[in-house]
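Chains, contacts and geometry: an overview
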Amino acid sequence: MKYEVININIDYEKIGTKGTDFQPNMTLYLPDNSVEIEPDRKRRTVVICPGGGYSMTSDREAEAIALKFIAEDINAVILRYDCAPVRFPAQLIQLATVVSTLRKNAEEWNVDTEKIAVTGFSAGGHLAASYGTLWNKDFIKAYFGFENGEHKPNGMILCYPVITSGEMAHRGSFDNLLGDKKDDPDMLKLVSAEKQVSADTPPAFIWHTFEDNGVPVENALLMATALAEKKICTELHIFPHGWHGLSLCNSTVYHPDHYNGQFDETQVWIDMAIRWFKNL
């Protein structure tokens, strides 16, 4: 397996924000090909965006998730993106950098260029959903000079995602993302993912819990409805029980004292998501 951490460097001034001492990066987990099996295999790839309210990126939604995907012979990449006080659209530019870098290195890294999915949890789900709806906007294409869809995502896996900046918003995420523009109606509309769905938005797998005490379940419902209105193929699962931030829903991602197996029935989401991605 190839394991490598690659720094992501962007021009903050060009996009109207400022960086910090934090170094954004992408971590590659790429299974090796084998002459015994299929020496020229090209693999599906997931880009994982951990959550954290745009104030941090959670370890619980990072490597443990990547390992599940690579166990199913899927390339995994973790994006550690900028958080507050770095503002929108730095995070989108960093995600675009990852997706385009995967395509640029597809031959060396054995990437199936038609099967790249952006995957996110909570605020990371917002980043993935925003990227899925805004990837073709002029401000992203102009930054890179993209003309041929080099950065196009082929699918979205959205896990208890922050979606809307409206009534059901997780307000802290948008405050961190927008800073002094947090009350700007035009900016709020731009980052409200359900309002940006278009015919260019890729298919989606979405899951949430009805009891989510951090990001209301309506976020997933609003996104699924918007996708349905545009005839974008979507798989949606609402599990009855579970707090916010379940990740894999097991003791792998929780201290044993903090998890007693009460949400074991929700663990099936990862198997469902992998099946969905393999059928994409």
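All of these numbers come straight from a predicted model, not from anything done at the bench. (Residues numbered from 1 in each chain as written. Predicted model: local features only at pLDDT ≥ 70, side-chain atom pairs only at ≥ 80, totals over all residues. Heavy atoms only, no water.)

**Looking at unusual backbone geometry**
Which entries qualify depends on this criterion: Where helices and strands are cited, they refer to DSSP runs of H or I of at least four residues and of E of at least two residues respectively, numbered from the N terminus.
Between Ala-84 and the following residue, Pro-85, the backbone shows a cis peptide bond with an omega angle of 15 degrees. Examined against the element boundaries, Pro-85 turns out to sit in the loop between strand S4 (75-80) and helix H2 (90-104). Across the junction of Phe-88 and Pro-89, the peptide omega takes the value 10 degrees, indicating a cis bond. In this structure, Pro-89 sits in the loop between S4 and H2. Residues other than glycine seldom take positive phi values, yet Asp-73 does so here, at roughly 65 degrees.

**Some details on the packing of aromatic side chains**
The condition that has to hold: Paired rings are identified among Phe, Tyr and Trp, the last through its six-membered ring, by centres lying within 6.5 Å, and are further divided according to the angle between planes into stacked (under 30 degrees), edge-to-face (over 60) and tilted (the rest). Throughout this description, buried means an accessible area under 20% of the type-specific maximum (1.4 Å probe, protein chains only), exposed means over 50%, and partly exposed covers the range between. Put simply, a charge is over a ring when the Lys NZ or the Arg CZ is close to the ring centre, within 6 Å, and near the line of the ring normal, within 35 degrees.
The final tally for this structure, using the stated rule, is 13 aromatic pairs. A centroid spacing of 4.5 Å and a plane angle of 10 degrees characterise the contact between Phe-144 and Phe-146, whose relative ring orientation is stacked. The class of Phe-146 is buried, set by a relative accessible area of 13%. Within the aromatic cluster, the residues linked to one another by ring pairs are Phe-121, Tyr-160, Trp-207, Phe-239 and Trp-269. Positioned above the aromatic ring of Tyr-143 is the side chain of Lys-14, whose terminal nitrogen or guanidinium carbon lies 4.7 Å from the ring centre. The lysine or arginine in question, Arg-60, covers the ring of Tyr-254, its NZ or CZ lying 4.6 Å from the ring centre.

**Here's the deal with the pattern of salt bridges**
Side chains bearing opposite charge may pair, as long as their charged atoms lie close to each other. Where we set the bar: By definition, a salt bridge exists where a carboxyl oxygen of Asp or Glu is found within 4 Å of a side-chain nitrogen of Lys or Arg.
Summed over the entire model, instances satisfying the criterion amount to eight salt bridges. With a closest N to O distance of 2.7 Å, Arg-43 and Asp-73 form a salt bridge. Placement of the pair is Arg-43 in strand S3 (residues 43-49) and Asp-73 in the loop between helix H1 (63-70) and S4, with a sequence separation of 30 residues. Residue Arg-43 is classed as buried on the basis of its relative accessible area, which comes to 4%. A relative accessible area of 25% means that Asp-73 is categorised as partly exposed. Ionic pairing is found between Arg-80 and Asp-59, a salt bridge with its closest N-O pair at 2.8 Å. Placement of Arg-80 in strand S4 and of Asp-59 in the loop between S3 and H1 is noted, with a sequence separation of 21 residues between them.

**A closer look at the pairing of strand S2 (residues 25-30)**
Definition in use: Note: two strands are recorded as paired if DSSP finds a minimum of 2 bridges between them.
With six of six residues buried, S2 is to be regarded as a mostly interior element. Along S2, one buried face is formed by Asn-25, Thr-27 and Tyr-29 and the opposite face, lined by Met-26, Leu-28 and Leu-30, is buried too. With six bridges joining them, strand S1 (residues 2-7) and S2 adopt antiparallel strand pairing. Considered in S2, the bridge of Tyr-3 is made with Tyr-29. Across five bridges, S2 lies against S4 in antiparallel orientation.

**A look at the pairing of strand S6 (residues 155-159)**
Most of S6 sits inside the fold, with five of its five residues counted as buried. Looking at chain direction, strand S5 (residues 111-121) and S6 are connected through five bridges and run parallel. By the bridge assignment, Thr-119 is partnered in S6 with Ile-157. Examined bridge by bridge, S6 and strand S7 (residues 204-209) share four bridges and lie parallel to one another. By the bridge assignment for S7, Cys-159 is matched with Trp-207.

**Focus: H2**
Cut-off, in case you're wondering: Expected span of a helix: the number of residues minus one, times 1.5 Å.
Taking 1.5 Å per residue as the helical rise, H2 with its 15 residues ought to reach 21 Å, and the 21 Å between its terminal C-alpha atoms agrees with that figure. Of all 15 residues that make up H2, 14 are buried, and the element is covered over most of its length.

**Focus: the state of the cysteines**
Our working rule: Defined by distance alone, a disulfide is two cysteine sulfur atoms within 2.5 Å.
Scanning all chains against the criterion turns up zero disulfides. Cys-159 provides the cysteine sulfur closest to Cys-49, a residue in no disulfide bond, and the two sulfurs are 10 Å apart. Judged by relative accessible area, which is 0%, Cys-49 ranks as buried. Its sulfur unpaired, Cys-233 is 17 Å from the next cysteine sulfur, which belongs to Cys-159.

**Here we look at the side chain of Gln-91**
Test applied: Polar contacts, as counted here, are pairs of nitrogen or oxygen atoms within 3.5 Å of one another; within protein the pair requires one atom able to donate a hydrogen and one able to accept it, and residues that are adjacent in sequence qualify only if both atoms are side-chain atoms. Throughout, a contact is declared for two residues whenever any of their heavy atoms are within 4.5 Å.
By the secondary structure assignment, Gln-91 is in helix H2. A polar contact is formed between the side chain of Gln-91 and the backbone oxygen of Asp-82, at a distance of 3.1 Å. Here Val-86 takes part through its backbone oxygen, which lies 3.2 Å from a polar atom of the side chain of Gln-91. When neighbours within four sequence positions are excluded, Gln-91 is seen to be in contact with Tyr-54, Tyr-81, Asp-82, Cys-83, Val-86, Leu-127 and Leu-177.

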